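Understanding the architecture of this molecule
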Amino acid sequence: PSGAVPEEGPECAGPEEPCGRGGRRLRTAFSAEQISTLESSFQRQQYLGAAERRQLAGRMRLSEVQIKTWFQNRRMKLKRQL
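Residues numbered from 1 in each chain as written. Predicted model: local features only at pLDDT ≥ 70, side-chain atom pairs only at ≥ 80, totals over all residues. Heavy atoms only, no water.

For the protein chain, the name recorded in an unreviewed UniProt entry is PV1 protein, with Emberiza fucata as its organism. Listed under Sequence similarities (unreviewed entry) in UniProt, the entry text for the protein chain is "Belongs to the BAR homeobox family." Taken from UniProt, the Subcellular location (unreviewed entry) comment for the protein chain reads in full: "Nucleus". (UniProt positions renumbered as here; feature names shortened; annotations may be inferred.)

Within the secondary structure, glutamine 66 sits in helix α3 (residues 64-81). A distance of 3.0 Å separates the side chain of glutamine 66 from the side chain of threonine 28, its partner in a polar contact. Among all residues touching glutamine 66, those that are not within four sequence positions of it are Arg25, Thr28 and Phe30. (Helix = DSSP H or I, 4+ residues; strand = E, 2+ residues; numbered from the N terminus. Polar contact = N/O pair within 3.5 Å; in protein donor to acceptor, adjacent residues only side chain to side chain. Contact = heavy atoms within 4.5 Å.)

Here we take up the packing of helix α1 (residues 32-44) against α3. Put simply, α1 and α3 touch, their axes get as near as 11 Å, and they point 65 degrees apart. Both α1 and α3 take part in a crossing whose hand is right-handed. Residues Leu38, Glu39, Ser41, Phe42 and Gln43 of α1 touch α3, and the partners they reach there are Ile67, Trp70, Phe71, Arg74, Arg75 and Leu78. Of the residues belonging to the contact of α1 with α3, the class tally is 6 nonpolar, 2 polar and 3 charged. (Axes fitted to C-alpha atoms, helices over the stretch in contact; angles between N-to-C directions. Left-handed = near helix turned anticlockwise from the far one by under 90°. Nonpolar A, V, L, I, M, F, W, Y, C, P; charged D, E, K, R; others polar.)

A word on the side chain of serine 41. Inspection of the secondary structure puts serine 41 in helix α1. Not counting chain neighbours up to four residues away, the residues in contact with serine 41 comprise Leu56 and Phe71.

Turning next to α3. Relative to the 26 Å expected for 18 residues at 1.5 Å per residue, α3 spans 26 Å between its end C-alpha atoms, a close match to the ideal helical length. When we look at burial in α3, the residues that qualify are Gln66, Ile67, Trp70, Phe71, Arg74 and Arg75. Taken together, the buried residues of α3 touch α1 and α2 (50-60). (Expected span 1.5 Å × (residues − 1). Buried < 20%, exposed > 50% of the residue type's maximum accessible area, 1.4 Å probe, protein only.)

With that settled, consider unusual backbone geometry. A positive phi angle is found at arginine 61, which is not glycine, with a value near 60 degrees. Within the secondary structure layout, arginine 61 lies in the loop between α2 and α3.

Here α1 is 13 residues long and its end C-alpha atoms lie 19 Å apart, about the 18 Å a rise of 1.5 Å per residue gives. Looking at α1, one finds that the buried residues are Gln34, Leu38, Ser41 and Phe42. Angularly, the buried residues of α1 cover 100 degrees about the axis, an arc narrow enough to put them on a single face. Residues Ala32, Glu33, Gln43 and Arg44 are exposed on α1 and point more than 90 degrees away from its buried face. On its buried side, α1 packs onto α2 and α3. (Arc of directions from axis to C-beta.)

Right, here's the structure in full:
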């Protein structure tokens, strides 16, 4: 019918859940302290094992996936710089 308003998709329940179909998580805003900790860990070791990732995630109150993704992105940044 004319004048019909299309239905809106489901709203986000929170930053951990994707919005609608094909939605993506919100970008994580790391604090300066978290970035400092991540950078110092990266300087010591560019690849983390599961145990180190779990320990770092617990200490920083982030998920293991966030830690893993940060390290992947940081390695790519280093590769681009070289």
